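Structure at a glance
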Amino acid sequence: MAKRVLIADDAAFMRMMLKNILTEGGYEVVGEAGNGREAVELYRKLLPDMLISDMVMPEMGGIDTLREIIKDFPNANVLICSAIGQQALVIEAIQAGAKDYIVKPFDQSNVLETVGKILGA
């Protein structure tokens, strides 16, 4: 059974790009969210194996989304994917419970390698 992934990014083209990469890599994308609040709601409803979340989104950013999910699901697999690669934000995301952090632009192999490492696939 394919591992189930939820994608949260306010850019529809980025969600589509990630969805294509993950689907080609054998993962099932079970949902897409355009902001952090929607991501938290979908996470609670769908209980995916992983959330890939952008850092900057309307209504609720990636760090707040991460903290909200970790509060209810301490073992959640959350991968932050963002164009913001400042070291302080990377450290903040990891300290808040993110399993890893990839910086845009990314390539297919980097995404699949990181997701596979986190999900043990």
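Let me sum up the structure you'll find in this document. In this text, all values refer to a predicted model and were calculated from it rather than measured experimentally.

Considerations on the side chain of Thr65
Relative to the assigned elements, Thr65 resides in helix H3 (residues 62–72). Residue Thr65 is classed as buried on the basis of its relative accessible area of 0%. If sequence neighbours within four positions are ignored, Thr65 has contacts with Gly36, Ala39, Val40, Leu51, Ser53, Met57 and Met60.

Here's the deal with the sheet that holds strand S5 (residues 100–103)
Sheets are built from strands paired through backbone hydrogen bonds, the pairs being either parallel or antiparallel. Read across the open sheet, the five strands follow the order S2-S1-S3-S4-S5; overall the sheet is parallel. Each end of this open sheet is capped by a strand with a single partner; those strands are strand S2 (28–33) and S5. Averaged over all neighbouring strand pairs, the angle between strand axes comes to 20°, with direction disregarded. Here strand S3 (residues 50–53) pairs with strand S4 (residues 78–82) via three bridges, running parallel. Considered in S4, the bridge of Ser53 is made with Ile80.

Describing the pattern of salt bridges
This structure, assessed with the given rule, holds ten salt bridges. Residue Glu92 is joined to Arg67 by a salt bridge in which the shortest nitrogen-to-oxygen separation is 3.5 Å. Of this pair, Glu92 sits in helix H4 (residues 87–95) while Arg67 sits in helix H3; the two residues are 25 residues apart in sequence, bridging distant segments of the chain. On the basis of relative accessibility, which here comes to 30%, the residue Glu92 falls in the partly exposed class. Judged by its relative accessible area of 41%, Arg67 is partly exposed. In this structure, Lys71 and Glu68 form a salt bridge, with 3.3 Å as the shortest nitrogen-oxygen distance. Remark: Glu68 and Lys71 occur in helix H3; sequence separation between them is three residues, near one turn of the helix. Taking relative accessible area as the criterion, Glu68 reaches 24% and is therefore assigned partly exposed.

Regarding the packing of H3 against H4
Viewed as axis vectors pointing N to C, H3 and H4 meet at an angle of 10°, and their least axial separation amounts to 10 Å. Relative to H4, the element H3 is oriented roughly parallel. Crossing hand, H3 versus H4: left-handed. Residue-level inspection shows Ile63, Leu66 and Arg67 of H3 in contact with H4, the latter providing Leu89, Glu92 and Ala93. Partitioning the contact of H3 with H4 into residue classes produces four nonpolar, no polar and two charged.

Topic: the nonpolar core
Leu51, Ile69, Val78, Ile80 and Ala93 are the most contacted members of the largest nonpolar core, which has 22 residues in total. Residue assignment for this core shows that the elements contributing at least two residues are strand S1 (4–8), helix H2 (36–46), H3 and S4. Residues within four places of Ile69 in sequence aside, it is in contact with Val40, Tyr43, Leu51, Ala76 and Val78. Counting 19 residues, the second-largest nonpolar core is a separate cluster that includes Ile7, Leu18, Phe106 and Ile118.

Quick look at the packing of H2 against H3
In the contact formed by H2 and H3, the axes pass within 9 Å of each other and the chain directions differ by 20°. When the interaxial angle is binned, H2 and H3 end up roughly parallel. Helix-helix and strand crossings are classified by hand; for H2 and H3 the assignment is right-handed. On H3, the residues touching Gly36, Ala39, Val40, Tyr43 and Arg44 of H2 are Thr65, Glu68, Ile69 and Asp72. By residue class, the composition of the contact of H2 with H3 is four nonpolar, two polar and three charged.

Cut-offs and rules
- Residues numbered from 1 in each chain as written.
- Predicted model: local features only at pLDDT ≥ 70, side-chain atom pairs only at ≥ 80, totals over all residues.
- Heavy atoms only, no water.
- Helix = DSSP H or I, 4+ residues; strand = E, 2+ residues; numbered from the N terminus.
- Buried < 20%, exposed > 50% of the residue type's maximum accessible area, 1.4 Å probe, protein only.
- Contact = heavy atoms within 4.5 Å.
- Pairing = 2+ DSSP bridges.
- Axes fitted to C-alpha atoms, helices over the stretch in contact; angles between N-to-C directions.
- Salt bridge = Lys/Arg side-chain N within 4 Å of Asp/Glu carboxyl O.
- Parallel < 35°, antiparallel > 145°, perpendicular 65-115°, else oblique.
- Left-handed = near helix turned anticlockwise from the far one by under 90°.
- Nonpolar A, V, L, I, M, F, W, Y, C, P; charged D, E, K, R; others polar.
- Core = buried A, V, L, I, M, F, W, Y, C linked by side-chain atoms within 4.5 Å.

None of the figures reported here should be taken as evidence of function without further support.
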